[in-house]
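Architecture and fold: a report
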Amino acid sequence: MREIRYDRADGVATVTIDRPEKRGAMTYAMLGEFGEAVARAGADPDVRVLLVTGVPGSFCSGIDLADLAGRSPDERGRPGGDGGPTDERGGRIPLLVGCPKPVVAAVDGMAVGMGAEFATQADLRIVSDRARFRWNFVHRGLVSDTGAGTWLLPRQIGLGPALRLLYTGEDLGAREALALGFATAVVTPEELPAAAAELAARIAASSPFAVARTKQLALDGLARDLPEHVRATGAALAECFASADHAEGVAAFLERRPAQFTGR
């Protein structure tokens, strides 16, 4: 059985980390498959949302240290940064951040190290009440390996709370994650699959044309000044006005029916 599973239904691609005996710890081979699955979802015009999850009680407990031990320092530095797209200057973008589709992480269990990074890279996180996040890189003499912990996390929960978690490697529990805004919702483990599917379906019902541009604007806006961001918004808005999705959205409103967006 494959340890990285890919499924697609109703506009939602689901990538499942299926290695419960190791709590989802990633080998280098698994990371390669994971990156391929994310790229597949990003390139598929029939995919509107990417859902990343594990099997019940498991998400991702980081890199498999047994697999890491035999690697050279150069190889060890690659797992967190490889697999994602590059920007116009050739720099690596974290894998899930670079996915053009909205990314939802459904977390049931431990998200440690790279697992916490993957959760941070997702656009939204829905978690079970037994979910735990641990950026424990300092306990291994490392920094946050994809850059998400040190770049995205302070923006998501505030600099002070982020530095506390990064400096100490302590766990962030489900309820505190919700209180800090890191988690969208906390449900029971039994409710998690349906809750994640329902959130993904609600996003999938929106205009893919507009959603893709909304994600790009929001992420680019983290590093732009306001006038530059307003100019980029104007350009994206002009594209939207000329799109079939905008015409459909207006027609659906006037005709009082659900919109049938095509992403064009």
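It should be noted that the structure appears before, not after, this text.
What comes next concerns the included structure. (Residues numbered from 1 in each chain as written. Predicted model: local features only at pLDDT ≥ 70, side-chain atom pairs only at ≥ 80, totals over all residues. Heavy atoms only, no water.)

**A few points about helix α10 (residues 208–221)**
Here α10 is 14 residues long and its end C-alpha atoms lie 20 Å apart, about the 20 Å a rise of 1.5 Å per residue gives. Along α10, the residues classified as buried are F209, V211, K215, L217 and L219. Of the surrounding secondary structure, the elements contacted by the buried residues of α10 are α4 (95–98), β4 (103–107), α6 (148–157), α11 (226–241) and α12 (244–255). (Helix = DSSP H or I, 4+ residues; strand = E, 2+ residues; numbered from the N terminus. Expected span 1.5 Å × (residues − 1). Buried < 20%, exposed > 50% of the residue type's maximum accessible area, 1.4 Å probe, protein only. Contact = heavy atoms within 4.5 Å.)

**Some remarks on the pairing of strand β6 (residues 124–128)**
Burial within β6 is extensive, with four of its five residues counted as buried. Pairing of β4 with β6, which is carried by four bridges, proceeds in the parallel orientation. Counted as the bridge partner of A105 is R125 from β6. Across three bridges, β6 lies against strand β9 (residues 185–187) in parallel orientation. Counted as the bridge partner of I126 is A185 from β9. (Pairing = 2+ DSSP bridges.)

**Thoughts on unusual backbone geometry**
The residue D10 is not glycine, and still its phi comes out positive at about 55°. Looking at where D10 falls in the secondary structure, it is placed in the loop between β1 (4–9) and β2 (12–17). D10 gets classed as exposed once you look at its relative accessible area, which sits at 79%. Not every positive phi belongs to a glycine, and R256 is a case in point at roughly 55°.

**Here we look at the packing of aromatic side chains**
Throughout the structure, instances matching the rule amount to four aromatic pairs. Judged by centre distance (4.7 Å) and plane angle (35°), the ring pair of F34 and F118 falls under tilted. Here the residue F34 occupies a position in helix α1 (residues 28–43), and F118 occupies one in helix α5 (residues 114–121), the gap between them amounting to 84 residues. Across this residue pair, the class does not change: F34 and F118 are buried. (Phe/Tyr/Trp six-rings, centres within 6.5 Å; stacked < 30°, edge-to-face > 60°.)

**Digging into the packing of α6 against helix α7 (residues 159–168)**
Between α6 and α7, the shortest axis-to-axis distance is 7 Å and the interhelical angle comes to 135°. Comparing the axis directions of α6 and α7 gives the class oblique. The crossing of α6 and α7 is right-handed. Taken together, the residues of α7 that come into contact with α6 (itself represented by G149, T150, L153, P154 and I157) are L159, P161, A162, L165 and L166. (Axes fitted to C-alpha atoms, helices over the stretch in contact; angles between N-to-C directions. Parallel < 35°, antiparallel > 145°, perpendicular 65-115°, else oblique. Left-handed = near helix turned anticlockwise from the far one by under 90°.)

**Structural notes on the sheet that holds β4**
One open sheet accounts for six strands, arranged β1-β2-β3-β4-β6-β9; its pairing is mixed. Only two strands of the sheet have a single partner each, and these edge strands are β1 and β9. Neighbouring strand axes in the sheet, compared pairwise and without regard to direction, differ in orientation by 20° on average. Relative to β2, β1 runs antiparallel, the two sharing six bridges.

**Regarding the pattern of salt bridges**
Applying the stated rule across the entire model yields 19 salt bridges. The partner of D46 in a salt bridge is R8, and the shortest N-O contact between them spans 3.9 Å. Taken as a pair, D46 in the loop between α1 and β3 (49–54) and R8 in strand β1 lie far apart in primary sequence, 38 residues in all. We classify D46 as partly exposed; its relative accessible area is 48%. R8 sits in the partly exposed class, given a relative accessible area of 46%. When the shortest N-O distance is used, the salt bridge between D64 and R19 registers 2.8 Å. Note that D64 is positioned in the loop between β3 and α2 (65–69) and R19 in the loop between β2 and α1, a separation of 45 residues in sequence. Accessibility classification places D64 together with R19 in one group, the buried group. Salt bridges linked by common partners bring E3, R19, E21 and D64 together as one network. (Salt bridge = Lys/Arg side-chain N within 4 Å of Asp/Glu carboxyl O.)

**A word on the nonpolar core**
Formed by 47 residues in total, the largest nonpolar core has its most connected members in M26, F34, L50, F133, W135 and F182. Among the elements that line this core, the one with the most residues is α1, at seven residues. Formed by 14 residues, the second largest nonpolar core is a distinct cluster that contains L51, I126, A195 and A204. (Core = buried A, V, L, I, M, F, W, Y, C linked by side-chain atoms within 4.5 Å.)

**Remarks on the sheet that holds strand β7 (residues 132–134)**
Taken in spatial order, the three strands make up an open sheet running β5-β7-β8, and their pairing is mixed. The sheet is open, and its two borders are formed by β5 (110–112) and β8 (172–173), each paired with just one other strand. Pairing geometry for β5 and β7, over three bridges, is parallel. Bridge assignment links M110 to a residue of β7, and that residue is R132.

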